[in-house]
Amino acid sequence: MTPDLFDGDPLGAPPSGPLVLGPGAALLRGFALPVAQALRDEVLAIARAAPWRRMETPGGRQMSVATTSCGELGWVSDRRGYRYVARDPVSGMPWPVMPAVLRALAREAAAAAGHPGFDPDSCLVNRYAPGTRLSLHQDRDERDLQAPIVSVSLGLGAVFLWGGLARTDRAERVPLQHGDVVAWGGPDRLRFHGVLPVREGTHPQWGDARVNLTFRRAG
């Protein structure tokens, strides 16, 4: 992987094909740009129904990233651990229904990355303020580890850490811009990944925030 693969205008048209990150993983540069405004409208509606919150880790620390969810299942964290639940623990209500534009984007991105037939039942919505980060981790709380993961970047840019199957493996640094999508599954499904601290900045749609949508088949 060479840095110039990730150069380009983040406001330009989507590229003609994916950039391979591994045998089951691809970066789809600008894939979400055609529906970026619709995504913003739907995410803000989700956050009004189930407000972003900074959850507690099993170790008792408050997460720096603010989260909410939509779909049949939402991801939560507290002293009892990481897990998926059908109801928002704050309101006791079911999570907001996953909007059609989000579900369609996840399906199309997964297929473009070589994983056809993906049908997500959960979308975790993370909001990063400048300076916040996400440490290297694996996504393994889902019942179906055969289904891929689709991650959509909106707002401020970030550096995605793409690691190996062991935490100690060297992680490559992949710059992501507004509208980029990363999808991974198959032999790459349990790769460690994370996000370096988000830099200060202002985005015309999202202000001083990075928002990330992570689609999974959790149940």
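In this report, we go over the structure that sits alongside the text.

Quick notes on the rules
- Residues numbered from 1 in each chain as written.
- Predicted model: local features only at pLDDT ≥ 70, side-chain atom pairs only at ≥ 80, totals over all residues.
- Heavy atoms only, no water.
- Pairing = 2+ DSSP bridges.
- Helix = DSSP H or I, 4+ residues; strand = E, 2+ residues; numbered from the N terminus.
- Axes fitted to C-alpha atoms, helices over the stretch in contact; angles between N-to-C directions.
- Disulfide = S-S within 2.5 Å.
- Buried < 20%, exposed > 50% of the residue type's maximum accessible area, 1.4 Å probe, protein only.
- Polar contact = N/O pair within 3.5 Å; in protein donor to acceptor, adjacent residues only side chain to side chain.
- Contact = heavy atoms within 4.5 Å.
- 1 Å grid on protein atoms, 1.4 Å probe; cavity = no way out; pocket = protein on both sides within 12 Å on 5 of 7 lines; lining within 4 Å.
- Points joined across faces, edges and corners; volume = space filled by probe spheres on them.
- Nonpolar A, V, L, I, M, F, W, Y, C, P; charged D, E, K, R; others polar.
- Parallel < 35°, antiparallel > 145°, perpendicular 65-115°, else oblique.
- Left-handed = near helix turned anticlockwise from the far one by under 90°.
- Core = buried A, V, L, I, M, F, W, Y, C linked by side-chain atoms within 4.5 Å.
- Expected span 1.5 Å × (residues − 1).
- Arc of directions from axis to C-beta.
- Phe/Tyr/Trp six-rings, centres within 6.5 Å; stacked < 30°, edge-to-face > 60°.
- Lys NZ or Arg CZ within 6 Å of the ring centre and 35° of its normal.

1. With respect to the sheet that holds strand 9 (residues 158–162)
What the four strands build is an open sheet, ordered 7-12-9-10; its pairing is antiparallel. Sheet topology places strand 7 (134–137) and strand 10 (172–176) at the edges, where each strand pairs with a single neighbour. Within the sheet, the average angular offset between the axes of one strand and its neighbour, ignoring direction, is 20°. Two elements, strand 9 and strand 10, share five bridges in a ladder whose sense is antiparallel. From the neighbouring strand, Phe160 faces strand 10, where its bridge partner is Val174.

2. Quick notes on the state of the cysteines
Linking two cysteines covalently through their sulfur atoms gives a disulfide. Per the stated rule, a full pass over the model turns up zero disulfides. Not part of a disulfide, Cys123 finds its nearest cysteine sulfur in Cys70, a span of 4.3 Å.

3. Considerations on the side chain of Ser122
Mapped onto the fold, Ser122 is located in strand 6 (residues 122–128). We classify Ser122 as buried; its relative accessible area is 1%. Among the polar contacts listed, one links the side chain of Ser122 to the backbone oxygen of Leu73, at a separation of 2.8 Å. Once residues within four sequence positions are removed from consideration, Ser122 is found in contact with Cys70, Leu73, Gly74, Tyr84, Met98, Thr214, Phe215, Arg216 and Ala218.

4. Details of the layout of surface pockets
By volume, the largest pocket amounts to about 750 Å³. Together, 33 residues line the largest pocket, and Met63, Trp75, Leu134, Ser135 and His137 are the ones closest to its centre. Elements supplying a minimum of two residues to the lining of the largest pocket: strand 5 (81–85), strand 6, strand 7, strand 12 (193–195) and strand 13 (210–216). For the lining of the largest pocket, the per-class residue count stands at 12 nonpolar, 13 polar and eight charged. Reported here for the second largest pocket is a volume of approximately 350 Å³. Every residue lining the second largest pocket is counted, 21 residues in all, and those nearest its centre are Leu156, Gly157, Ala158, Gln177 and Arg199.

5. A word on the packing of helix 1 (residues 36–49) against helix 2 (residues 100–112)
The geometry of helix 1 relative to helix 2 is characterised by a closest axis approach of 9 Å and an angle of 125° between their N-to-C directions. On the basis of their axis angle, the class for helix 1 and helix 2 is oblique. The interaxial crossing formed by helix 1 with helix 2 has left-handed handedness. Within the contact between the two elements, helix 1 uses Ala38, Leu39, Glu42 and Ile46 and helix 2 uses Val101, Leu102 and Leu105.

6. Notes on the nonpolar core
It is characteristic of soluble globular proteins that their nonpolar side chains tend to be buried jointly. Ranked by size, the top nonpolar core spans 30 residues in total, and within it Leu102, Val150, Val152, Leu213 and Phe215 carry the most contacts. Looking at this core, the elements that each hand over two or more residues are strand 2 (25–28), helix 1, strand 3 (66–71), helix 2, strand 6, strand 8 (149–155), strand 11 (181–184) and strand 13. Examining the composition of this core, we find that five residues originate from one element, helix 2, more than from any other. The contact partners of Phe215, leaving out residues within four places of it in the chain, are Met98, Leu102, Ala106, Phe118, Pro120, Ser122, Cys123, Pro148, Ile149, Val150 and Val152.

7. Observations concerning helix 1
With 14 residues, helix 1 should cover 20 Å at 1.5 Å per step; its first-to-last C-alpha distance of 20 Å lies within 8% of that length. All of the buried residues along helix 1 are Ala36, Leu39, Val43, Ile46 and Ala47. In a view along the axis of helix 1, the buried residues occupy a sector of 95°, so they form one face of it. Those residues of helix 1 that are exposed and angled more than 90 degrees off the buried face are Arg48 and Ala49. Where helix 1 is buried, its residues meet strand 3, helix 2, strand 6, strand 8 and strand 13.

8. Overview of the packing of aromatic side chains
Throughout the structure, instances matching the rule amount to four aromatic pairs. Each ring, one from Phe160 and one from Trp162, has its centre 6.0 Å from the other, and the planes form 25°; the classification is stacked. For Trp162, a relative accessible area of 1% corresponds to the buried category. Between Trp162 and Trp184, the ring centres sit 5.7 Å apart and the planes meet at 70°, which makes this aromatic pair edge-to-face. Of this pair, Trp162 sits in strand 9 while Trp184 sits in strand 11, and the two are 22 residues apart along the sequence. The ring of Trp206 carries Arg40 above its face, with NZ or CZ at 5.8 Å from the centroid. Sitting above the plane of the Tyr128 ring, Arg210 keeps its charged end 5.0 Å from the centroid.

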